[in-house]
Structures are given as structure tokens and as C-alpha cells.
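Secondary and tertiary structure notes
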Amino acid sequence: FPVTITIPFEQELTIQALVLESISEGVVICNERGKIVYINSAEEQLMGYDINELLGASMNILNGYDKEQSQIHLEELYESINKNETWIGEWQNVTKAGREITTSCRVTTMMLNGERHLVITQRDITARKKHQRERDALQNRFRTFFEQSVLPMEIFDLEGNILEVNHAFCELFAITKEAFSGYNILQDQASLTLGILPYLKRAYAGEAVEAPAFFYDPRISGRQGRARWLEAWFSPVKDEKNRVKELAVVLKDVTERKVTEQKLEKVEDNFRIVSDRLTMAVRAGQIGIWEWKNGSPTVYWDDTLKALYGFKSDEFDGSMEMYTNAVHPDDRQALWNTITQSHIHKKPYVVEHRIIRHDTREVRWIQVSGSSLYDEEGNPVLMMGTAIDIHPIS
């Protein structure tokens, strides 16, 4: 043993020292007054001190706690060892360089030269504690995001049992969290009938997937909650080894959109029937028909209307620019004003204005009529109308 320990019971420590030197963890031996009588090489490396700097010194040189904290920890420690029990816990230390470290400690007692001494085994867990704090902070941030998110969310375990739902989820179905207690998504009959089960299996296999819109009614499965049209994203929650631990489900309520789409489809179907009948009725009278869907970059003209404006069937591209250019410049503003007023008052309109034929550049007068279909908010969704040549015969 390369170090000579100049203490009265040197021989008594020699055998123990040989053993303790082979231990990878730091070891300190002190008497009950805190006087250090031995440290091993691992403790030297851990604390940055030479053995001769610590022998005979007080344990306070290594203590990272203040006086009040030290008293609390020492009372707990001595309560254990006075019961002949090993004290196991964490301790804050300060190295010679002034760096604070956290160690996992194990304290036992031994008799040396007739006096009880404390044997302290230490392992540096500073990095692990830092990593744990970072993980805790991340979990807290996730928890805050989860609870405050406006998107409805659920968390499931690997067996499909629900672990947690957020506030937005409860609002979506107009239920309390307790209403979904005991729910299992893999056992929900709706998961099978709605075609969701394949997406769940892919997510549990480690893939983030998005499911198309589906209509979910919890009452069909005997559960509480209102029926909604939903879009869903299934995301696996993985651990450090990339193993799936849980499943996160994010929902989006698309009920309003789907209802609007269905109503619009019905309106368009009805409009198409009316349009087909109108086409048959006016074809013989050389009356042109047009229609425009709100937001569309193009307008529909039938062949009669194209001919009225001097276009061949394939020459008119349906763009609003080509249509506007066909209207006489002096009449464009009045035409748009008439259409705008028609929308404001939700009434059909009839207006006469001039056009410039595409083929001959001839200026001619036409009469245009139009009416609109509106959604529940009063916005025009479809416009349709007719046009007829009223140019005076010379």
C-alpha cells in the first residue's frame, strides 16, 4: 500500500485499506466527531484532494450543505446507524475545485481501536441527477402543454387502456374525465367498424399515422358523450431505447366542416337538377347559361353563351380575367356594383351592358340575369344566371 497512514491504529486499518483501495467507489472513514482517518484512491479522484490533505481534517471540508441542512441529514443518518441499520441516501459534496456534486451514499459503522467509526461509500450521480431534472422539466412542460392544449388528446398504455385525457377532450365530447375511466381503445367496437384498428396497430408498432375523418358516436359502444366527426393522429411515445411505451392520440373536431360539406353537396345536387332543366328550356331560345362557385378562379359558360361573346367552344378558358375583358370597359364598374348589391340584399338581378365580341371586336348589347345560393351564414356559395343578345337590329 503506497500511502503510510500515520494514525494510532495503523495496523488495524491495513487489511481494510487493501480491500478498500480495490473498490471503484469512493470510501471515507471518519470517527463520530467527523475526523477523517482514511480515504481510498477513488475518493481522492472524486473529490480532487490528495490523501494527506484530508487525513485528520473534518468531514465538513467535503460537505456541500449549509448548517441547517447538514443538521437535518445528520439526525436522519445517526438515527439509522444507532439502530444498527445502514443509512442509504444522497449527499451534496464540494470538491477541492469548488464544484458541487451529488453522491449516492451508503453509511455503515465499524469499530477501530475501540471507537465507533463511520464508513461512507460514495458514487457520483451528478450527471444522472441532472439528466433526471431535465427529464422532469420536460415532463412538466409536456404536462402543461397536454392540459392547456386546445386540441383534444388521449394517452393509452400498451394494452390500449386509457391513462389520461385533457380538458379539451372532455369539452369535445361534453363529458367528465371519469366518464372515460376504464375505457380501452382496442376493445372499442367502433375501432373495428370505423376502420381505426389498422391505424392503431401501426402506431403501436412505432409509426406515427393520421386517420381520415370518421364519425364517432360513443353511445354506440355504451359510453357517454356526444357524437362528432373527427380526424385523428396516432403517435407512439418512445423511451430512450426507442421502445414504444405509450400511445398519444390527438383529435380534431371537423363536425362543422363535414356538415357544411354535406349541405353544400345537397345544394349543388339540387342546383344541378335546376341547371339541367334550365338548359333544356332555354337552349331553343339562344339564351346562354353561366354559373360560378364562390372562391373558384373560373366561371362556367355553356356553348350558347360562348358563341354570344364570339368565342369558339375551346377558346374561352373560364378565367375571370378573360370574362372581365369581354365586358365593355365603360360598363364593368356598374356591372360589379349591381352584383354586389344583389349579394347584400340577397335578391336576383337583371342588368343590361355592352360586350366586345372576341372574334369581330364588335360592340353589342346583352341582358344578363343572375341569382345566388347562400349558406347558413348568408355567404354566397353558388351563382347562376343567363345572358341574351338584345342588340338593336339596324
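Residues numbered from 1 in each chain as written. Predicted model: local features only at pLDDT ≥ 70, side-chain atom pairs only at ≥ 80, totals over all residues. Heavy atoms only, no water.

**A word on the overall build of the protein**
Within the protein one finds 12 helices and 15 strands. Among the 394 residues that make up the protein, the fraction classed as buried is 41%. Taking as baseline every contact in the protein between residues at least 6 positions apart, the subset at least 24 positions apart corresponds to 43%. For the protein, the exposed area adds up to about 23000 Å²; of that, 52% sits on carbon and sulfur atoms. (Helix = DSSP H or I, 4+ residues; strand = E, 2+ residues; numbered from the N terminus. Buried < 20%, exposed > 50% of the residue type's maximum accessible area, 1.4 Å probe, protein only. Contact = heavy atoms within 4.5 Å. Areas by Shrake-Rupley, 256 points an atom, 1.4 Å probe, with all protein chains shown as cover.)

**Structural notes on the sheet that holds strand E10 (residues 244-253)**
Strand order in the open sheet formed by 5 strands is E7-E6-E10-E9-E8, and the pairing between neighbours is antiparallel. Sheet topology places strand E7 (162-165) and strand E8 (209-216) at the edges, where each strand pairs with a single neighbour. Taking the axes of each pair of neighbouring strands and ignoring which way they run, one obtains an average angle of 25° across the sheet. Here strand E6 (residues 153-156) pairs with E7 via 3 bridges, running antiparallel. (Pairing = 2+ DSSP bridges. Axes fitted to C-alpha atoms, helices over the stretch in contact; angles between N-to-C directions.)

**Topic: the packing of aromatic side chains**
Going through the model one piece at a time under the given rule, you end up with 12 aromatic pairs. Note on Phe-215 and Trp-229: the rings are 5.5 Å apart at their centroids and 55° apart in plane angle, and the pair reads as tilted. Residue Phe-215 is found in strand E8, and its partner Trp-229 is found in strand E9 (residues 228-238); the two are separated by 14 residues along the sequence. An aromatic cluster of three or more residues is present, and its members are Trp-301, Tyr-309, Phe-311, Phe-316, Tyr-323 and Trp-336. Above the ring of Trp-229, the side-chain terminus of Lys-258 is found at 4.8 Å from the ring centroid. (Phe/Tyr/Trp six-rings, centres within 6.5 Å; stacked < 30°, edge-to-face > 60°. Lys NZ or Arg CZ within 6 Å of the ring centre and 35° of its normal.)

**Remarks on helix H8 (residues 197-204)**
Where H8 is concerned, the buried positions are Leu-200, Ala-203 and Tyr-204. The buried residues of H8 occupy an angular sector of 95° when the element is viewed end-on, so they sit on one face. Considering only its buried residues, H8 is in contact with E6, helix H7 (189-193), E8, E9 and E10. Trailing H8 by a residue or two, Gly-206 shows a phi angle of about 115°, which is positive. (Arc of directions from axis to C-beta.)

**Remarks on the sheet that holds strand E13 (residues 349-356)**
Within the open sheet, the 5 strands sit side by side as E12-E11-E15-E14-E13. Their pairing is antiparallel. Each having just a single partner strand, strand E12 (300-301) and E13 make up the two edges of the open sheet. Bridging between strand E11 (residues 288-293) and E12 involves 2 bridges; their strand directions are antiparallel. By the bridge assignment for E12, Trp-290 is matched with Trp-301. In this fold helix H12 (residues 332-345) packs onto E13, strand E14 (363-374) and strand E15 (380-389), with an angle of close to 160° to the strand it touches most, E13.

**A closer look at unusual backbone geometry**
Although it is not a glycine, Ala-174 adopts a positive phi angle of roughly 55°. With respect to the helices, strands and loops of the structure, Ala-174 is situated in the loop between helix H6 (167-173) and H7. Positive phi, close to 55°, is recorded for Lys-346, a residue that is not glycine. Note on placement: Lys-346 falls in the loop between H12 and E13.

**Considering the pairing of E15**
On any regular strand, side chains alternate: one points to one face of the sheet, the next to the other face. For E15, a buried count of 8 out of 10 residues is recorded, marking the element as mostly surrounded by other parts of the structure. Examined bridge by bridge, E11 and E15 share 6 bridges and lie antiparallel to one another. By the bridge assignment, Ile-289 is partnered in E15 with Thr-386. Here E14 runs beside E15; their pairing, made up of 9 bridges, is antiparallel. Looking across to E15, one finds that Tyr-374 is bridged to Pro-380. Remark: 5 residues form the turn of the hairpin made by E14 and E15, two consecutive strands paired antiparallel; Gly-378 in that turn has positive phi of roughly 85°.

**Here we look at the confidence of the model for the protein**
This prediction gives the protein a mean pLDDT of 86; 90% of its residues lie at or above 70. Every residue in residues 1-7 scores below 50 in pLDDT, and together they form 12 contacts with partners more than four places removed in sequence or on other chains. (pLDDT = per-residue confidence, 0-100.)

**Considerations on the side chain of Thr-103**
With respect to the helices and strands, Thr-103 occurs in strand E4 (residues 100-112). A distance of 2.8 Å separates the side chain of Thr-103 from the side chain of Asn-93, its partner in a polar contact. Here the side chain of Thr-103 touches Gln-122 through a polar contact of 2.9 Å, side chain to side chain. Not counting residues within four places of it along the chain, the set of residues in contact with Thr-103 comprises Leu-46, Gly-89, Glu-90, Trp-91, Asn-93, Gln-122, Arg-123, Asp-124 and Ile-125. (Polar contact = N/O pair within 3.5 Å; in protein donor to acceptor, adjacent residues only side chain to side chain.)

**Here we look at the pattern of salt bridges**
Applying the stated criterion to the full structure yields 17 salt bridges. Residue Glu-25 is joined to Arg-123 by a salt bridge in which the shortest nitrogen-to-oxygen separation is 3.4 Å. With Glu-25 in the loop between helix H1 (10-21) and strand E1 (26-31) and Arg-123 in strand E5 (residues 115-124), this residue pair connects regions lying 98 residues apart in the sequence. Here Glu-25 falls in the partly exposed class, since its relative accessible area comes to 28%. Each of Glu-147, Glu-164 and Lys-177 takes part in a single network of salt bridges with overlapping partners. (Salt bridge = Lys/Arg side-chain N within 4 Å of Asp/Glu carboxyl O.)

**Focus: the environment of Ala-168**
By secondary structure assignment, the location of Ala-168 is in helix H6. If sequence neighbours within four positions are ignored, Ala-168 has contacts with Ser-149, Val-150, Leu-151 and Pro-152.

**A closer look at the nonpolar core**
Counting residues in each nonpolar core, the largest one holds 27 residues, and the members touching the most others are Phe-156, Phe-173, Phe-234, Leu-247 and Leu-251. If near-sequence neighbours (up to four positions away) are discounted, Leu-247 is found in contact with Glu-154, Ile-155, Phe-156, Leu-200, Ala-203, Tyr-204, Phe-234, Ser-235 and Pro-236. (Core = buried A, V, L, I, M, F, W, Y, C linked by side-chain atoms within 4.5 Å.)

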